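Notes for the structure review
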Amino acid sequence: MEFTTKQIAEHIWAIDQKGVRSFLLTGPDSAVLVDTCFGGDILSACRTITDQPITLITTHSDGDHCGCDQQFPVQYMHSAEFERYNSRGKGECKAKPMQEGDVFTVGEYRLEVIWIPGHTPGSAALLDRQHRFLISGDTVQSGCIFMHGDGRDLPAFRESIVKLNAMRRDGLFDTVYPAHGDAVVPADILEDHLALADEVLSGTAVPAGPAPEWFPDTVKTYRHGRAQMYYACL
Ligand SMILES: [Zn+2]
């Protein structure tokens, strides 16, 4: 599977593969890669951009975010994700634990770990307060968020959206770099995510259409503004 690389900001590249996206941030003596897509040789794609040592940070353990983890000797992931990572049967988690508030520095960027459980138990985002962006994994995106299946927790997801939206309203970030959909998204999409979560949890949401055929028939697509999710309302 091919990777395509595109610079989206100073020293930040999007690395896309079949609808999922990793981000590479480069400094003069180190680099950070966020997630590794489905599989293949993402390291070679990174090496077309930087020859510095690369630290891997994993937003969560879904298969489209962990496919090339074995290429990176230094990996961090929220500890609440370890059990789920190991249960996937794709190899033992070798990541070091990271927690809310941990900071990774790369060049001019200072990436602060924000714990946002819900899509998965240990989902994490990375916030740069000075440059006012959030690398969000799957939790904030213009694509369709998977909220059906193993490890999904919609009430927890809603709490994480409330938390992020409060940070946004406090002016901590105005741009989101998500793993699916558009590579650069205005942070006020969080208002749509919140409205959608409220509608689905309260039972007032009306399906916008079916979900892809690999889901059970009970799973539907729900939409509010720019936010979308796959979910089964019982
Ligand atoms: Zn994903």
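We now turn to the structure provided with this report. Every chain is numbered independently, its residues counted from 1 as its sequence is written. Two thresholds apply to this predicted model, a pLDDT of at least 70 for residue-level local features and 80 or more for giving and counting side-chain atom pairs, whereas whole-chain, interface and lining totals are computed over all residues. For side-chain calculations, the full set of non-hydrogen atoms in the structure is used, while hydrogens and water are omitted.

In this section: the overall build of the protein chain. Tallying secondary structure elements over the protein chain gives 4 helices and 17 strands in all. Over its C-alpha atoms the protein chain spans a radius of gyration of 17 Å, differing by no more than 12% from the 17 Å that the globule rule assigns to 234 residues. Across the 234 residues that make up the protein chain, the buried fraction comes to 53%. Contact between two residues is taken to exist if any of their heavy atoms lie within 4.5 Å; hydrogens are not considered. At a minimum sequence separation of 6, the contacts of the protein chain that also span at least 24 residues come to 51%. Carbon and sulfur atoms make up 51% of the accessible area of the protein chain, which amounts to about 10,200 Å² in all. The charge count treats Lys and Arg as positive and Asp and Glu as negative. His and the chain ends do not count. Charge positions come from single atoms, namely NZ of Lys, CZ of Arg, CG of Asp or CD of Glu. Each charge class in the protein chain was averaged separately, 20 positive and 32 negative side chains, and the resulting centres sit 1 Å apart. Under the DSSP-based scheme used, a helix requires at least four consecutive residues in state H or I and a strand at least two consecutive residues in state E, with every element numbered from the N terminus. Radius of gyration here uses only the C-alpha atoms, and the compact-globule reference equals 2.2 Å multiplied by the residue count raised to the power 0.38. The buried label applies to any residue whose accessible area, calculated with a 1.4 Å probe on protein chains only, is under 20% of its type's maximum; exposed applies above 50%, and partly exposed to all values in between. Accessible surface is estimated by sampling points in the Shrake-Rupley manner with a 1.4 Å probe; for residues, cover comes only from the protein chains shown.

A word on helix 3 (residues 154-169). If you check helix 3, its first and last C-alpha atoms are 22 Å apart, about what 16 residues at 1.5 Å a residue would give, namely 22 Å. Looking at helix 3, one finds that the buried residues are L154, A156, F157, S160, I161, L164, N165, M167 and R168. Close packing links the buried residues of helix 3 with strand 9 (109-115), strand 10 (124-128), strand 11 (133-137), strand 12 (144-146), helix 4 (189-202) and strand 17 (227-231). Among the residues of helix 3, the N-terminal cap falls to D153, whose side-chain oxygen and the backbone nitrogen of A156 are separated by 3.1 Å. Of the residues one or two after helix 3, G171 is the one with positive phi, at around 85 degrees. How far a helix is expected to stretch is found by multiplying one less than its residue total by 1.5 Å. Polar contact is defined as a pair of N or O atoms within 3.5 Å, subject to the rule that within protein one atom must be able to donate a hydrogen and the other to accept it, and that residues adjacent in sequence are counted only when both atoms are side-chain atoms.

Moving on, we get to the pattern of salt bridges. For this analysis, a salt bridge means a side-chain nitrogen from Lys or Arg found within 4 Å of a carboxyl oxygen belonging to Asp or Glu. In total, this model carries 14 salt bridges according to the counting rule given. In this structure, the salt-bridge partner of E159 is R158, at a minimum N-O distance of 3.3 Å. When salt bridges that share partners are traced, they join D62, E81, R84, D150 and R152 into one network.

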